[in-house]
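A closer look at the structure
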Amino acid sequence: MEHSPARTALTRRHVGLAFVVGLGLRLAVGQLLTLEPSWDGVIYERAASQLAAGHGYTLRMLDPAWPWPDLPTAFYPPGWPALLSLVKLLGAPLRFDLMLCALLGALAIPLAAAFGGALGGHTGKRKTAWLVALWPGGCLLAGSWMGEPLFTVLLLGALIPLLGPSGARPHRLALAALLLGLAAYTRPDALALAPLVLVARTWSGGRRVRGALVAGSFAALALLPVLPWMARNADRLDGPVVSSSSGANLLVGTVACRFTRIPDALDCPAGSREVARDRCRRDRALARIGADPLAWLALGVGKLAHTFGYEATPALQLGAGLGWRDPAARWEVWLLAAPCTFFFWALLFFAVRSRAGARGRVAWAAIAGIGLLHFLFFGGDRYHLPLVPLIAALAAAGTCGGSARHAAR
């Protein structure tokens, strides 16, 4: 009965319908509202336009008035602007950008469903598909120019090779590592997640240490896809970095729990050497941490609270995209943020009830890895958004038992 063709066909219909509904909701947000880029989306959209025009990946993307506008930059990895630039080549209006965002958001539905199926069988697969399709924050996010939808798809795609019964086989570990390296072009976090998720998948049986060492060695393959980008930065920026913002992020995290502008008194002098300035910021951050480690650890607790405690960014960003001067002061924004937060809390509640197993540990390792990174740097609820489909898969498994019996369905 569990493996019957009729049951498989029913599950496929559910996932297909969930994809159509999820895509429709996301398209509605982006196409029925008049939206403009906001927050970091302004930078991504500008970078995409510059790439499409053949101007390269330069400091113009950060500030067109910068004194050295034609110098190369690596402050943000180029993955999302590069993909968005393909739409810009069509010379289409901004609404076409949001069609791409909606499609990426909808692609997370079948990918998450595959994860849900590995954890909870047919029932888990169907529930996961609908949870992600109807996820309020994911629908609202389709009205922004942020890179989270792309990173979500790349992260899910990278973890899927680890889900099968042979997910700990060398070729699957290698494939997952390489795909995580590709995801690092959108967010460097993927490189840090590689060893964690690979070790989580192999951490079973009587040879856990040996499995961890093998997995750790495969994690090094995640660097292969980004080697050309690192070589470019070594040549043009005097440093083989994936992103030149880590020092700035670490310094921000010594000042506040969430993103804030670095005070001028703490910051390093501006100049044309981007990587050198980032190293200076890193050194100042480490000095501040060393001077008062307890205060920094206390900030870390607040960072986690801001990362996983609520979900307001999709609503706030939608308000900003609508041109509202102070979205946080608008009651309409909080009317939208409330269901986003309640939905996220419900997913977390049921996710912690799931029985992990080797496959579930992969999801929890990714969640823990993102949590650790934002404990070290700075927090914010936007950073948990790529994890929501994984949490939805765990939640679906939690509502149907999440045991090995269910995973076999």
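The rules behind each value
- Just so you know, the residues in each chain are numbered from 1, in the order the chain's sequence is written.
- Local features in this predicted model are restricted to residues of pLDDT 70 or higher, and side-chain atom pairs are both shown and tallied only at a pLDDT of 80 or more, whereas totals for entire chains, interfaces and linings draw on every residue.
- As a rule here, side-chain values come from all non-hydrogen atoms in the structure, and water together with hydrogens is ignored.
- Two cysteine sulfur atoms form a disulfide, by the criterion used here, when they sit within 2.5 Å.
- Only DSSP runs of H or I reaching four residues or more are called helices, and only runs of E reaching two or more are called strands; each is numbered from the N terminus.
- Between the first and last residue of a helix there are one fewer steps than residues, each counted as 1.5 Å, and that sum is the expected span.
- At every residue, the bend is computed as the angle between two fitted axes, covering the seven residues ending there and the seven beginning there respectively.
- Think of it in three bands: residues with accessible area under 20% of the maximum for their type are buried, residues over 50% are exposed, and the middle band is partly exposed, with areas taken using a 1.4 Å probe on protein chains only.
- What makes two residues a contact is simply this: any of their non-hydrogen atoms within 4.5 Å.
- A pair of Phe, Tyr and Trp rings is counted when the ring centres sit within 6.5 Å of each other, with Trp represented by its six-membered ring. The angle between the planes then sorts it: under 30 degrees is stacked, over 60 is edge-to-face, the rest tilted.
- Interaxial angle, 0 to 180 degrees, is taken between N-to-C directions of lines fitted to C-alpha atoms, where a helix line uses only the stretch in contact.
- Each angle gets one of four labels, with under 35 degrees taken as roughly parallel, over 145 as roughly antiparallel, 65 to 115 as roughly perpendicular, and the rest as oblique.
- Rotating anticlockwise by less than a right angle from the far helix to the near helix defines a left-handed crossing, while the corresponding clockwise rotation defines a right-handed one.
- Confidence scores here are pLDDT values: one per residue, from the predictor, ranging 0 to 100.
- For this analysis, a polar contact is any N or O atom pair within 3.5 Å, provided that within protein one partner can donate a hydrogen and the other can accept it, and provided that sequence-adjacent residues contribute only side-chain to side-chain pairs.
- We call Asp, Glu, Lys and Arg charged. Ala, Val, Leu, Ile, Met, Phe, Trp, Tyr, Cys and Pro are nonpolar, and the rest, Gly among them, are polar.
- Two joining distances apply to patches: 9 Å for like charges and 5 Å for nonpolar side chains (Val, Leu, Ile, Met, Phe, Trp, Tyr), and every residue must have over 30% relative accessible area and no salt bridge.
- The Shrake-Rupley method, run with a 1.4 Å probe, gives the accessible areas here. Residue values count only the displayed protein chains as cover.
- Between Lys or Arg on one side and Asp or Glu on the other, a salt bridge is scored when a side-chain nitrogen of the former is within 4 Å of a carboxyl oxygen of the latter.
- Nine residue types can take part in a nonpolar core, namely buried Ala, Val, Leu, Ile, Met, Phe, Trp, Tyr and Cys, and a core is a set of them joined through side-chain atoms within 4.5 Å.

**Regarding the state of the cysteines**
Per the counting criterion, the structure on display carries one disulfide. In this structure Cys101 is a free cysteine whose sulfur lies 13 Å from that of Cys139, the closest cysteine sulfur available.

**Things to note about helix α4 (residues 94-133)**
Helix length check: α4 (40 residues) gives 24 Å between terminal C-alpha atoms against 58 Å at 1.5 Å per residue, more than 12% under. Along α4, the helix axis deviates most sharply at Gly120, where the bend reaches about 145°.

**Focus: helix α3 (residues 79-88)**
Taken across its ten residues, α3 has seven buried, putting it largely inside the fold. Within α3, burial applies to Gly79, Trp80, Pro81, Leu84, Ser85, Val87 and Lys88. In this fold, the buried residues of α3 make contact with α2 (40-52), α4 and α6 (148-159).

**Looking at the packing of aromatic side chains**
Taken as a whole and assessed by the stated rule, the structure comprises eight aromatic pairs. Where Tyr44 meets Tyr76, the ring centres are 5.4 Å apart and the plane angle is 75°; that geometry is what we call edge-to-face. In this pair, Tyr44 is assigned in helix α2 and Tyr76 in the loop between α2 and α3, connecting sequence segments 32 residues apart. Each member of the pair Tyr44 and Tyr76 is classed as buried. Ring geometry for Phe349 against Phe350: centres 5.1 Å apart, planes inclined by 80°, an arrangement best described as edge-to-face.

**Quick look at the packing of α4 against helix α16 (residues 357-376)**
Remark: α4 packs on α16, axes separated minimally by 9 Å, with the N-to-C direction vectors making an angle of 140°. Overall, the two elements α4 and α16 adopt an arrangement that is oblique. As for how α4 packs across α16, the hand of that crossing is left-handed. Two secondary-structure elements touch here, α4 through Phe115, Ala118 and Leu119 and α16 through Arg359, Gly360, Val362 and Ala363.

**Points about the confidence of the model for the protein chain**
For the protein chain, per-residue confidence averages 92 on the pLDDT scale, and residues scoring 70 or more make up 95% of the total. Note on residues 402-409: pLDDT under 50 across the span, and 23 contacts to partners over four residues away in sequence or across chains.

**Overview of the side chain of Ser244**
Inspection of the secondary structure assignment puts Ser244 in the loop between α10 (227-237) and α11 (246-252). Classification of Ser244 by relative accessible area gives buried; the value is 2%. In terms of polar contacts, Ser244 uses its side chain to reach the side chain of Glu274, at 2.6 Å. Leaving out residues up to four positions away in the same chain, Ser244 has contacts with Ala74, Phe75, Glu274, Val275 and Asp278.

**Concerning the packing of α16 against helix α17 (residues 388-399)**
Contact geometry of α16 with α17 gives a least axis separation of 10 Å together with a crossing angle of 140°. Classed by the angle they form, the pair α16 and α17 counts as oblique. Crossing of α16 against α17: the hand is left-handed. Two secondary-structure elements touch here, α16 through Gly360, Ala363, Trp364, Ala366 and Ile367 and α17 through Leu390, Ile391 and Leu394. Among the residues making up the contact of α16 with α17, the classes are represented as seven nonpolar, one polar and no charged.

**Comments concerning a nonpolar patch on the surface**
Residues Leu178, Leu223, Leu224 and Leu227 make up a contiguous nonpolar surface patch of roughly 320 Å² in combined accessible area. With respect to the secondary-structure elements, Leu223 resides in the loop between α9 (208-219) and α10. Looking at Leu223, the relative accessible area reads 39%, which means it is partly exposed.

**Re the pattern of salt bridges**
It is possible for side chains of opposite charge to pair when their charged atoms get near one another. Throughout the structure, instances matching the rule amount to eleven salt bridges. Residue Glu45 is joined to Lys88 by a salt bridge in which the shortest nitrogen-to-oxygen separation is 2.6 Å. Here Lys88 lies in helix α3 and Glu45 lies in helix α2, a separation of 43 residues in the sequence. Residue classification places Lys88 among the buried positions, given a relative accessible area of 15%. With its nearest N and O atoms 2.9 Å apart, the salt bridge here joins Glu148 to Arg382.

**Details of unusual backbone geometry**
Where the residue is not glycine, phi is negative for most of them; where a peptide bond is considered, it is trans in most cases. Phi at Trp39 takes a positive value of approximately 55°, unusual for a residue other than glycine. Here Trp39 is to be found in the loop between α1 (5-32) and α2. One non-glycine residue, Asp238, adopts positive backbone phi at about 65°. Within the secondary structure, Asp238 sits in the loop between α10 and α11.

**Describing the nonpolar core**
Formed by 96 residues in total, the largest nonpolar core has its most connected members in Phe115, Leu159, Val197, Leu198, Leu387 and Leu390. The element contributing the most residues to this core is α4, with 15 residues. The contacts of Leu387, once residues within four sequence positions are left out, are Leu155, Phe308, Ala366, Ile367 and Ile370. Ala285, Ile289, Trp296 and Phe375 belong to the second-largest nonpolar core, a separate cluster that totals eleven residues.

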